Amino acid sequence: MNRFDYVRPDTISDAIKALAVPDARALAGGTNLVDLMKYEVARPSRIVDINRLPLKAIETTAEGGLKIGALVTNSDLAWNATVHEHFPLLASAILAGASPQLRNAATTGGNLLQRTRCYYFYDPSTACNKRVPGSGCSAIGGVNRIHAILGASDECIAVHPSDMCVALAALDASVDVEGPDGKRNIPFTAFHRLPGTEPHLDNTMAAGELITGIHLSRCDFGINHTYVKIRDRLSYAFALVSVAVGLKLKAGVIEKVHVALGGVAHKPWRDLDAEAALKGQRPERAAFAEFAGQVVAQARGQGQNDFKIELARRTIIRALEQAAAGTPQHQSNKSLQQEK
Amino acid sequence: MSVTEASHIGRPTNRVDGPLKVTGQARYAAEYPAPDLLYGYLVGSTIAAGRITAIHLDLARSVPGVVEIFTHENRGKAAWLDRSWRDEVAPPGHPFRPLHSERILFDGQPIALVVAETYEAARDAASLIHAEYETAEHCTELERKRSEAYVPPEKRSGIPPPPDPRGDAEQAFEEAPVKISRDYRVNAEHHNPMEMFGTTCVFEGEGRLTIYDKTQGSQNAQGYVTSVFGLKSKNVRVVNHYVGGAFGSGLRPQHQLFFAVMAAIELERSVRVSLTRAQMFHIGYRPDNFQTVSLAADREGRLQSIMHDVVAATSRYEDHQEVVVNWSGMMYHCDNVKLSYRLAKLDTATPCDMRAPGAAIGVTALECALDELSYEVGIDPLEIRRLNFASKDENTDKQFTSKALHACYSEGAAAFGWNERKPEPRSMRERQELIGWGVSTGMWDAFLQKAEARAKLSADGRLEVSTAASDIGTGTWTILTQIGADAFGIPLEDVTARIGDSTLPTSPVEGGSWTAASNGSAVQAACEAVKQTLFKHARKMANSPLAAAELEDVDVSKGRIFRRDDPGRSLTIVEVMHAADLQAIEETGKVGPSLLQMTKYVSYTHSAVFAEVRVDEDLGVVRVTRVVCAVAAGRILNPKTARSQILGGVVMGIGMALHEEGITDHRLGKIMNHNLAEYHIPAHADIEDIDVIFVDEHDDKVSPLGVKGIGEIGIVGTAAAVANAIFHATGKRVRDFPITIDKLIAA
């Protein structure tokens with residue numbers, strides 16, 4: 001429990017000014033940051049409590065999209081009528097995560113910034129390149145059952161823990177950020193990073209920037225979508241593998257397909273080549289299996305997590321079947337139904 | 001005077017402590033206020049073996065509010081001899097002594113206590129302490145130490161070693177037509193009660209300490225403190241009125257007790273020390289184990305040979321022992337039995353009894369093996385259990401005081417619908433989900449321990465019953481109130497129970513499922529003694545209507561003592577006490593095991609557990625959709641709290657089957673999943689229908705109350721029933737618990 005400054009600005013510009021000191025951190029729901037402080041992983045010099053900023057609205061855009069304020073809670077977003085009707089994939093993914101208490105506190109912006117659940121990241125007595133750059137990766141050769149099978153590096157095999165972000169990746173969302181140098185919009189797939197040689201960086205935000213909102217374009221996946229999450233217990237556990245699918249079917253063939261995977265990489269995983277190959281095909285198991293095989297073709301296990309490769313393959317197929325049948329997974333139904 | 005007709009015992013009764021708990025008025029150990037309270041925070045070692053070469057405290061000392069930092073270099077005085085550190089349930093060995101020396105015995109071992117004016121200052125300062133170590137080679141991996149396993153030379157008190165072999169198990173195995181030999185493992189588990197371990201040690205002055213501790217035994221904690229710190233017994237009072245779960249982790253004194261008391265004595269101020277959830281992963285655990293079970297049968301399924309060999313983990317410094325294999329020699333009839341139990345030393349904290357210690361893992365392996373054998377024989381898994389019913393304990397050649405296990409089988413099977421089961425694995429399914437049904441027998445001790453109680457009947461008719469028992473969520477407050485109320489035929493509201501205080505009449509630690517039988521019977525005995533005294537005074541009164549009565553002719557109810565053959569001939573309690581010039585009648589009662597009876601009889605609780613699982617064929621996701629647990633536990637004092645105990649046990653058994661596992665990085669000797677996000681216990685979504693049945697079982701020998709106890713039986717057999725159901729569903733036999741998705745995908 002380190003000592004830190006605490007400020008609670010009322011405006012975005014004041015917040016950005018307040019964040020312009022080394023190791024300042026924004027606090028929204030606090031569901032991850034406070035844990036990290038207790039574990040001595042985060043030692044902010046200053047907490048900028050952004051809960052008074054005017055970022056709590058969910059607005060429909062002229063094109064039929066959505067603009068979601070960074071401080072909208074996960075619960076408010078999941079149960080918003082427009083989100084439910086037009087972006088059910090997003091609502092479903094949110095409800096697959098955490099618990100009602102956490103979702104009541106956690107925010108949209110904070111969800112993007114939650115950090116990995118790698119055991120070593122949380123234990124300051126161990127080496128972790130994400131926590132202390134250059135110190136090494138204890139998970140390689142260690143306890144890595146929950147770790148990455150795609151896009152990992154020799155420096156880091158951690159995975160991004162969010163469910164909501166997997167849906168946002170599938171929905172081609174974008175992120176509004178604002179900082180000392182002004183505003184910019186980052187495509188969702190470019191927001192989170194792969195670990196590479198700089199695993200301490202989770203995303204492409206610059207120092208001092210603040211997430212102000214999420215943009216969603218009009219969605220084609222109102223009917224044919226699903227979010228399937230596989231975990232070690234039936235609720236309140238991070239994904240071993242999760243799959244978000246959005247399909248658009250026309251005249252019996254796949255016109256558009258977006259598939260994002262969670263629990264397998266340092267960021268929500270999309271395979272655009274595989275998606276392109278699936279386009280124009282009939283929504284049948286053989287095509288789904290080929291797609292799944294292509295997605296996991298590059299996957300590499302670390303020993304304990306080898307099973308995730310096969311699990312990911314099977315989960316992709318199940319999710320595509322659910323989406324094609326227009327029978328999305330209901331998150332309170334723990335049977336992962338398969339339409340015949 | 002016979003036992004009054006029961007009106008509270010046997011009736012579903014709400015917890016008398018419930019309103020205090022749900023309104024936050026029930027105080028737990030770390031919630032008691034004290035003037036000028038200081039806060040302690042522990043610093044743990046970051047290596048598993050070796051020694052501290054330097055410990056840097058300057059940064060920590062500079063944090064405002066820090067009062068003192070204790071390390072092995074400046075700790076307070078404490079006892080020298082091992083025996084002074086040995087609590088009443090300690091295993092043989094050298095008990096752990098916090099800050100004793102620079103030597104490190106396990107990862108997370110406390111190496112410093114920061115004491116500060118606030119908890120936050122203490123915690124902040126603790127993060128600034130840096131220790132340097134000389135590391136030694138460590139091993140936390142049981143597999144690597146299996147070949148060095150040994151039979152513990154000194155036995156742990158109360159833990160019978162495996163019986164001598166009977167018959168010739170090896171030859172019978174060779175000759176039998178049907179046989180299996182399989183290896184099983186139940187990975188290490190951690191207790192994780194809701195309430196964190198905490199101690200508030202109130203420095204009362206004049207050498208007196210009042211200690212609020214999270215413990216399952218106030219007197220065990222009190223004995224430890226007086227012995228370790230050389231204090232007078234009358235000066236140390238330990239209070240544990242309410243305990244937020246423990247599952248065995250509070251049987252032995254834990255680190256926070258030593259540190260709070262040591263700091264309070266050294267600083268002459270009140271001190272509170274609480275452990276964090278992560279720190280609680282270093283205070284004992286259900287030991288990792290490797291088990292080999294070999295079973296052989298004739299072609300009809302009658303057991304010809306049982307062999308069960310176990311190697312379980314212990315620490316470097318103590319030989320923690322449990323009864324793991326003995327069950328395999330007494331659950332079923334078999335003439336040829338060979339059992340062995342060995343330990344292997346790891347660089348971890350000493351394991352610690354956890355709900356149904358020994359049985360929970362040993363019976364799991366036996367019951368899975370028996371299930372496997374049933375398929376080899378080609379007989380229904382329930383039938384093979386009935387066929388091999390043991391009508392006596394063949395380990396000791398003694399009779400059971402009662403054993404209504406057949407009723408458990410039949411009532412459980414009927415409630416579950418077992419006769420609808422299709423025998424073939426993978427024969428039941430609904431769309432993508434394979435459905436399986438499994439069964440297991442469960443068994444646990446029905447102990448009666450030495451216990452004392454006091455009962456005090458006031459002239460106004462109110463009753464107080466007291467004993468130094470603990471209620472770790474089990475319902476002890478309530479059953480003692482019920483027993484007292486029935487003794488005098490008064491409402492529950494007129495009875496005050498007092499427990500959770502070392503100054504009360506002698507009680508063992510709360511564990512082993514013995515509290516209801518032992519402390520309950522002691523309370524009943526004390527109440528009987530009060531009634532006798534009341535009667536003595538009543539008969540002596542001038543013109544007493546009871547003058548000619550004998551003790552067995554009278555009864556007490558609703559404030560009156562009366563002749564049962566002529567209830568009109570009676571006196572009020574007020575009249576009797578007034579005439580005798582008494583404000584109250586106070587008597588004590590004692591119970592303990594009958595050594596004479598123990599030469600002929602043994603007592604056990606039995607159960608039959610039936611489980612239904614649905615397993616996603618492709619994805620390996622398991623849902624436990626139904627469990628029926630039929631229990632024979634003698635007399636049930638409070639069906640409501642008793643049912644809760646079985647529900648909790650079954651949930652924990654499902655956790656053993658599917659979820660719970662302490663995951664260690666053996667390179668570092670560190671437990672990695674030391675929080676409730678990554679150490680998985682069942683969530684609500686994992687639990688569906690659980691049906692609890694208490695079958696009729698009359699037992700007039702097990703305890704004066706006829707009670708057996710139900711705290712642990714619910715977990716025994718549940719993991720096996722789930723595993724057996726998974727096999728029936730999928731045809732896959734996973735012998736390494738918990739049965740997680742990776743194992744089902746790979747199998």
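All of these numbers come straight from a predicted model, not from anything done at the bench.

Here we look at the overall build of chain B
So, point 1. From N to C terminus, chain B includes 18 helices and 32 strands.
So, point 2. Taken over C-alpha atoms, the radius of gyration comes to 27 Å for chain B, in line with the 27 Å a tight globule of 747 residues would show.
So, point 3. In terms of principal-axis extent, the alpha carbons of chain B reach across some 85 × 70 × 50 Å.
So, point 4. Burial statistics for chain B: of 747 residues in total, 59% are counted as buried.
So, point 5. The long-range share in chain B, meaning contacts at least 24 apart out of those at least 6 apart in sequence, stands at 82%.

Details of the overall build of chain A
So, point 1. Along the backbone of chain A there are eleven helices and twelve strands.
So, point 2. Against the globule reference of 20 Å for 340 residues, chain A gives a C-alpha radius of gyration of 19 Å, in line with a compact fold.
So, point 3. Considered along the principal axes of its C-alpha atoms, chain A spans approximately 60 × 50 × 35 Å.
So, point 4. Residues classed as buried in chain A amount to 52% of the 340 residues present.
So, point 5. Across chain A, the fraction of contacts at a sequence separation of at least 24, relative to all contacts at a separation of at least 6, is 64%.

Looking at the domain arrangement of chain B
Residues and elements named next belong to chain B.
So, point 1. Its domain assignment divides chain B into domain 1 (32-137 + 193-276), domain 2 (147-189 + 285-447 + 599-746) and domain 3 (450-592).
So, point 2. Computed over C-alpha atoms, the centres of domain 1 and domain 3 are 40 Å apart.
So, point 3. Taken together, the 19 residues of domain 1 in the interface contact 15 residues of domain 3.
So, point 4. Breaking the side of domain 1 that touches domain 3 down by element, the ones donating at least two residues are α7 (218-229) and β10 (236-239).
So, point 5. For the side of domain 1 that touches domain 3, the leading source of residues is α7, giving four residues.
So, point 6. A class-by-class count of the residues in the side of domain 1 that touches domain 3 yields six nonpolar, eleven polar and two charged.

Points about the pairing of strand β6 (residues 174-179) of chain A
Residues and elements named next belong to chain A.
So, point 1. Where β6 meets strand β7 (residues 182-187), six bridges bridge the pair, whose relative direction is antiparallel. What sits directly across from D176, in β7, is N185.
So, point 2. Counted between consecutive antiparallel strands, the loop separating β6 from β7 contains two residues.
So, point 3. In this structure, β6 lies alongside strand β8 (residues 210-216), joined through five bridges in antiparallel fashion. By the bridge assignment, S174 is partnered in β8 with H215.

Side note on the packing of helix α10 (residues 285-296) of chain A against helix α11 (residues 307-325) of chain A
All names here are of chain A.
So, point 1. Running from N to C, α10 and α11 cross one another at 145°; their axes reach a closest spacing of 9 Å. Regarding α10 and α11, the two cross each other, and that crossing is right-handed. Residue-level contacts link R285, F288, A289, F291, A292, G293, V295 and V296 of α10 to I309, A312, R313, I316, I317, L320 and E321 of α11.
So, point 2. Residues of the contact of α10 with α11, tallied by class, amount to eleven nonpolar, one polar and three charged.

Observations concerning the interface of chain B and chain A
So, point 1. Taken together, the contacts link 32 residues of chain B with 31 residues of chain A.
So, point 2. Considering each element in turn, the side of chain B that touches chain A owes the most residues, four residues, to helix α18 (residues 741-746) of chain B.
So, point 3. Class assignment of the residues belonging to the side of chain B that touches chain A gives a composition of eleven nonpolar, eight polar and 13 charged.

Structural notes on the sheet that holds strand β26 (residues 601-602) of chain B
All names here are of chain B.
So, point 1. An order of β15-β16-β26 is seen for the three strands of this open sheet, with the pairing classed as mixed. The sheet is open, and its two borders are formed by β15 (392-393) and β26, each paired with just one other strand.
So, point 2. The pairing of β15 with strand β16 (residues 398-400) spans two bridges and is classified as antiparallel. What sits directly across from K392, in β16, is Q399.

Some words on the nonpolar core
So, point 1. Ranked by internal contacts, the top residues of the largest apolar core, which has 333 residues, are A167 of chain A together with V114, V261, I561, F610, V631 and V722 of chain B.
So, point 2. In contact with V722 of chain B, not counting residues within four places along its chain, are G438, A611, V613, V624, I654, A657 and L658 of chain B.

A closer look at the domain arrangement of chain A
So, point 1. Each assigned domain of chain A is listed here: domain 1 (5-49) and domain 2 (225-325).
So, point 2. One C-alpha centre belongs to domain 1 of chain A, the other to domain 2 of chain A, and the line joining them spans 36 Å.

Details of helix α12 (residues 476-488) of chain B
Residue and element names in this part refer to chain B.
So, point 1. The terminal C-alpha atoms of α12, which comprises 13 residues, lie 19 Å apart, in line with the 18 Å expected from a rise of 1.5 Å per residue.
So, point 2. Of all 13 residues that make up α12, 13 are buried, and the element is covered over most of its length.
So, point 3. Once α12 finishes, G489 follows within two positions and takes phi at roughly 60°, a positive value.

Let's talk about the environment of V591 of chain B
Residues and elements named next belong to chain B.
So, point 1. Within the secondary structure, V591 is located in strand β25 (residues 584-591).
So, point 2. Separated by 72 residues in sequence, V591 and N519 place their C-alpha atoms 8.1 Å apart.
So, point 3. If we ignore the near neighbours within four places in the chain, the residues touching V591 are L448, A451, S518, S521, A522, A525 and P704.

Describing the environment of S235 of chain A
So, point 1. The topology assignment puts S235 of chain A in the loop between β9 (225-230) and β10 (241-250).
So, point 2. Each C-alpha atom of the pair S235 of chain A and A96 of chain A lies 7.6 Å from the other, and the pair is 139 residues apart in sequence.
So, point 3. For S235 of chain A, the contacting residues outside a window of four places in its chain are A683, H684 and A685 of chain B.

Regarding the confidence of the model for chain B
So, point 1. Overall, the predicted model of chain B reaches an average pLDDT of 97, with 99% of residues at or above 70.
So, point 2. Scored as a whole, the predicted complex attains pTM 0.98, and scored at its interfaces, ipTM 0.97.

Quick word on the environment of A446 of chain B
Residues and elements named next belong to chain B.
So, point 1. Within the secondary structure, A446 sits in the loop between β18 (433-445) and β19 (451-458).
So, point 2. The class for A446 is buried, based on 28 C-beta atoms found within 10 Å.
So, point 3. Spatially, the C-alpha atoms of A446 and K708 are 4.8 Å apart, while their sequence positions differ by 262 residues.
So, point 4. In contact with A446, not counting residues within four places along its chain, are A517, S603, Y604, T605, G634, V702, K708 and G709.

Some thoughts on the sheet that holds β25 of chain B
All names here are of chain B.
So, point 1. The strand order across the open sheet formed by four strands is β21-β20-β19-β25, and the pairing between neighbours is mixed. Only two strands of the sheet have a single neighbouring strand rather than two, namely β21 (495-498) and β25. For this sheet the average axis-to-axis angle between neighbouring strands, irrespective of direction, equals 15°.
So, point 2. As paired strands, strand β20 (residues 463-466) and β21 are joined by four bridges and run parallel to one another. Among the inter-strand pairings, E464 is bridged to a residue of β21, identified as T496.
So, point 3. Its contacts with the sheet place helix α13 (residues 515-540) against β19, β20 and β25, and it is angled at close to 140° to β25.

Cut-off values and rules
- Residues numbered from 1 in each chain as written.
- Chains lettered and ligands numbered in written order.
- Predicted model: local features only at pLDDT ≥ 70, side-chain atom pairs only at ≥ 80, totals over all residues.
- Helix = DSSP H or I, 4+ residues; strand = E, 2+ residues; numbered from the N terminus.
- Rg over C-alpha atoms; globule rule 2.2 N^0.38 Å.
- Buried ≥ 20, exposed ≤ 12 C-beta atoms within 10 Å, placed from the backbone.
- Contact = placed C-beta atoms within 7 Å.
- Domains from an automatic or database assignment.
- Nonpolar A, V, L, I, M, F, W, Y, C, P; charged D, E, K, R; others polar.
- Pairing = 2+ DSSP bridges.
- Axes fitted to C-alpha atoms, helices over the stretch in contact; angles between N-to-C directions.
- Left-handed = near helix turned anticlockwise from the far one by under 90°.
- Core = buried A, V, L, I, M, F, W, Y, C linked by C-beta atoms within 7 Å.
- Expected span 1.5 Å × (residues − 1).
- pLDDT = per-residue confidence, 0-100.

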